[in-house]
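Coordinate analysis (summary)
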Amino acid sequence: MVRVAVIGSGYVGLVAAACFAELGHEVICVDNDARKIAALERGETPIHEKFLPELLARHRGHRLRFSGSVRDAARDSQAIFIAVGTPPSENGEADLSYVEAVSREIAQAIASSPNEYRIVVEKSTVPVDTSRGVHRVMELNGAPTHLFDVASNPEFLREGSAVTDFLYPDRIVIGADSERCIALLKKIYEPLTDGSYYQNKNIIPEPDDVQTPARLIATSAKSAELIKHASNAFLAMKISFINAVAAVCESVGADVGQVREGMGADVRIGKRFLNPGIGYGGSCFPKDVKAFRAVAEHCGYDFGMLDEVMKINDEQRQRFIKKVRNALWILKGKRLAVLGLAFKGGTDDIRDSQAIAIVQLLLKEGCSIAAFDPAAMPKTQASGVFPEEAVFFAENAYAAARDADAVLVLTDWEEFTALDFERLRAALKHPIMIDGRNLFQPQTMSELGFTYISIGRPEVSAKKTVAVPAPGAD
Ligand code: NAD
């Protein structure tokens, strides 16, 4: 057992804290948002994430405690993970001010109880060489250098499957420049790397296609920091690449689904993340690509390829709007049903969501929008991303579709694949679906009576002759 503190109780920190407790460690999870800590102490789960409520219920009050004090948590812990936000600043660089503020407080805690060695671990995504900056801040704030080391342990979890990603990871990367530090990090992850966690009863169920025990990769701190940025930039590149291929498919009448299948069969390429759509979004890819671009520039390398990745991604929104325009001609005054607001399925996170950006563009064009998302509507309403009352938040997909000129699929929620399409079609004014996530097969949608427009695949029109629904019917 290791005494662990996790600073920052957001999508990463809270999941990491709950999972460390699940692995048998004593965990204190900290946030400076007093409302969040109060909610967690009351037994609430502030984010939508599969298996997280179960883990919090299992460990809260036993191996998992919550606190608003970085100093208390740092003083009581052997390993202190920093999981605060690293948002983009004006020039694209990562804003490390939260990391710095937390490092200062940790240093003061170490300085005030100098009887134990501790490690400070960057779990937040940070630019290469941040560990040196953290070390410097700690030193300047009185932490004796023989009593701490700084490590990088980047997080690769995906929102929507964060808990299983954490407990069944492809790899665990630990980067540090001291043996003592690496040894403590190895101990923390040992239940996953020696497989003992997977022998327990009542564990979080194993997803498909995973290899256990987990593979551990130990590197220098700088390499670990780079692994995270390079991985995210590469994945974003894969998405932009297939989106560019989809644009070529559209202009020649080829099918990107078939192209993807053929490309992905090559094991060197692989099908995963070769999914065409409205572009990548979320709190990581857009900011991490920008930050990595800035890091490279700072190091004297002109990583122009990343500019192209971002350009293609930005263009995807306009390309999608063009599809809506092609389908409906004049946008002003059109009523559109929107399925999905979250940046991806399985989460309530709307940060940098392409779906939100597209709705904003459509509102500017004078469309009226009725939206439905299985989890992200409360956060969307509270965020003020749309002008007040500009969007009608529907209780389900059918209510959103009522009397709409077309339905747009903007998030890849699994729930959408199980919709009652007869009912959906009957609710619409025109049976037109514009699918920004290629969730469905064109042939099937055509047989179900939809004119179906997707990304990089030929448009199909409705095969079925459909009775005109009674006005207002859903
Ligand atoms: P988040 O915004 O959900 O959570 C950050 C939390 O830190 C917030 O609750 C905030 O209140 C808290 N915080 C900020 N300053 C603090 C302070 N001084 N003391 C205590 N708490 C403080 O962010 P997130 O999505 O969890 O991301 C955190 C980091 O992890 C980022 O660097 C991100 O790039 C990285 N990351 C995120 C994901 C993801 O899918 N969200 C995946 C891998 C890595």
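Model, not experiment: these values are computed from the prediction. (Residues numbered from 1 in each chain as written. Predicted model: local features only at pLDDT ≥ 70, side-chain atom pairs only at ≥ 80, totals over all residues. Heavy atoms only, no water.)

1. A look at the site of the ligand
With respect to spatial proximity, 26 residues lie near the ligand, and among them Asp-31, Lys-36, Thr-86, Glu-159 and Lys-287 are the closest. Take Tyr-11: an N or O atom from its main chain is 3.1 Å from an oxygen atom of the ligand. For the ligand, an oxygen atom lies 2.6 Å from a polar atom in the side chain of Lys-36. Coverage of the ligand by the protein chains reaches 89% of its 830 Å² of free accessible surface. Listed by contribution, the elements that provide at least two residues to the shell around the ligand are helix H1 (11–22) and helix H5 (97–112). Its residues assigned to classes, the shell around the ligand shows 10 nonpolar, 9 polar and 7 charged. In terms of domain composition, the shell around the ligand takes at least three residues from each of domain 1 (3–218) and domain 2 (220–474). (Near = heavy atom within 4 Å. Polar contact = N/O pair within 3.5 Å; in protein donor to acceptor, adjacent residues only side chain to side chain. Areas by Shrake-Rupley, 256 points an atom, 1.4 Å probe, with all protein chains shown as cover. Helix = DSSP H or I, 4+ residues; strand = E, 2+ residues; numbered from the N terminus. Nonpolar A, V, L, I, M, F, W, Y, C, P; charged D, E, K, R; others polar. Domains from an automatic or database assignment.)

2. A word on the sheet that holds strand E10 (residues 368–372)
With parallel pairing, the 6 strands of this open sheet are ordered in space as E11-E10-E9-E12-E13-E14. Sheet topology places strand E11 (391–393) and strand E14 (451–453) at the edges, where each strand pairs with a single neighbour. Going from strand to strand, the sheet's axes swing by 20 degrees on average, the running direction of each strand aside. Across 3 bridges, E10 lies against E11 in parallel orientation. Bridge pairing in E11 links Ala-371 to Phe-393. Its contacts with the sheet place helix H12 (residues 304–328) against strand E9 (335–339), strand E12 (406–409), strand E13 (432–435) and E14, and it is angled at close to 165 degrees to E13. Against the sheet, helix H13 (residues 354–364) engages E9, E10, E11 and E12, with an angle of about 160 degrees to E10. (Pairing = 2+ DSSP bridges. Axes fitted to C-alpha atoms, helices over the stretch in contact; angles between N-to-C directions. Contact = heavy atoms within 4.5 Å.)

3. Looking at the packing of helix H11 (residues 285–298) against H12
Running from amino to carboxyl end, H11 crosses H12 at an angle of 160 degrees, the nearest separation of the two axes being 9 Å. Here H12 runs roughly antiparallel to H11, going by the angle between their axes. Note that H11 runs across H12; the crossing there is left-handed. In this structure, H11 uses Val-289, Lys-290, Phe-292 and Arg-293 to contact H12, whose residues at the interface are Gly-304, Leu-306, Asp-307 and Met-310. Looking at the contact of H11 with H12 residue by residue, the class counts come to 4 nonpolar, 1 polar and 3 charged. (Parallel < 35°, antiparallel > 145°, perpendicular 65-115°, else oblique. Left-handed = near helix turned anticlockwise from the far one by under 90°.)

4. A few points about unusual backbone geometry
That bond from Thr-212 to Pro-213 is cis: its omega, -5 degrees, falls within 30 degrees of zero. With respect to the secondary-structure elements, Pro-213 resides in the loop between helix H8 (179–193) and strand E8 (215–219). Despite not being glycine, Phe-273 has its phi angle at roughly 70 degrees, a positive value. With respect to the helices, strands and loops of the structure, Phe-273 is situated in the loop between helix H10 (256–264) and H11.

5. Considerations on the domain arrangement of the protein chain
Split by domain assignment, the protein chain resolves into domain 1 (3–218) and domain 2 (220–474). Relative placement of domain 1 and domain 2: their C-alpha centres are 32 Å apart. The interface of domain 1 with domain 2 comprises 30 residues on the first partner and 29 residues on the second. Interface area, domain 1 with domain 2, both sides summed: about 2400 Å², of which 57% is carbon and sulfur. For the pair domain 1 and domain 2, the number of links is 2 salt bridges. At the junction of domain 1 and domain 2, the tally comes to 13 residue pairs in polar contact (both at pLDDT 80 or more). Those elements giving two or more residues to the side of domain 1 that touches domain 2 turn out to be helix H6 (130–140) and strand E7 (171–175). When residues of the side of domain 1 that touches domain 2 are assigned to their parent elements, the largest contribution, 3 residues, is made by E7. (Buried area = accessible area lost by both parts, 1.4 Å probe. Salt bridge = Lys/Arg side-chain N within 4 Å of Asp/Glu carboxyl O.)

6. A look at the pairing of E8
Summarising the sheet, E7 and E8 pair through 5 bridges and their orientation is parallel. Each residue of the ladder has a partner; that of Ile-174, found in E8, is Ala-218. You can see the chain leave E7, run along H8 and come back into E8, and the turn it takes is right-handed. (Right-handed = clockwise from strand over helix to strand, strands pointing away.)

7. Some thoughts on the nonpolar core
In this structure, Leu-362, Ile-369, Leu-424 and Met-433 are the most contacted members of the largest nonpolar core, which totals 65 residues. If you tally residues by element for this core, the top one is H13, at 6 residues. In this structure Leu-424 touches Ala-397, Tyr-398, Ala-401, Val-407, Leu-419, Met-433 and Phe-450, once residues within four positions along its chain are discounted. (Core = buried A, V, L, I, M, F, W, Y, C linked by side-chain atoms within 4.5 Å. Buried < 20%, exposed > 50% of the residue type's maximum accessible area, 1.4 Å probe, protein only.)

8. Considering H1
Helix length check: H1, at 12 residues, gives a terminal C-alpha distance of 17 Å against a target of 16 Å (1.5 Å per residue), a fit within 8%. Burial analysis of H1 places 11 of its 12 residues in the buried class, which makes it a mostly covered element. Within H1 the residues assigned to the buried category are Tyr-11, Gly-13, Leu-14, Val-15, Ala-16, Ala-17, Ala-18, Cys-19, Phe-20, Ala-21 and Glu-22. Following H1 by one or two positions, Gly-24 adopts a phi angle in the positive range, close to 105 degrees. (Expected span 1.5 Å × (residues − 1).)

9. What about H13?
Most of H13 sits out of view: 8 of its 11 residues are buried. Inspection of H13 places Gln-354, Ala-355, Ile-356, Ala-357, Ile-358, Val-359, Leu-362 and Leu-363 among the buried residues, and these make up the whole buried set. Residues of H13 that are buried in the fold lie against H12, E9, E10, helix H14 (377–383), E11 and E12. The distance from a side-chain oxygen at the start of H13 to the backbone nitrogen of Ala-355 is 3.2 Å, and the residue carrying that oxygen is Ser-353.

10. Side note on the pattern of salt bridges
Taken as a whole and judged by the stated rule, the model has 26 salt bridges. The partner of Asp-129 in a salt bridge is Arg-132, and the shortest N-O contact between them spans 2.8 Å. On the basis of relative accessible area, Asp-129 is assigned to the partly exposed category, the value being 23%. Three or more residues are tied together by salt bridges with common partners; here these are Arg-293, Glu-297, Asp-302 and Asp-307.

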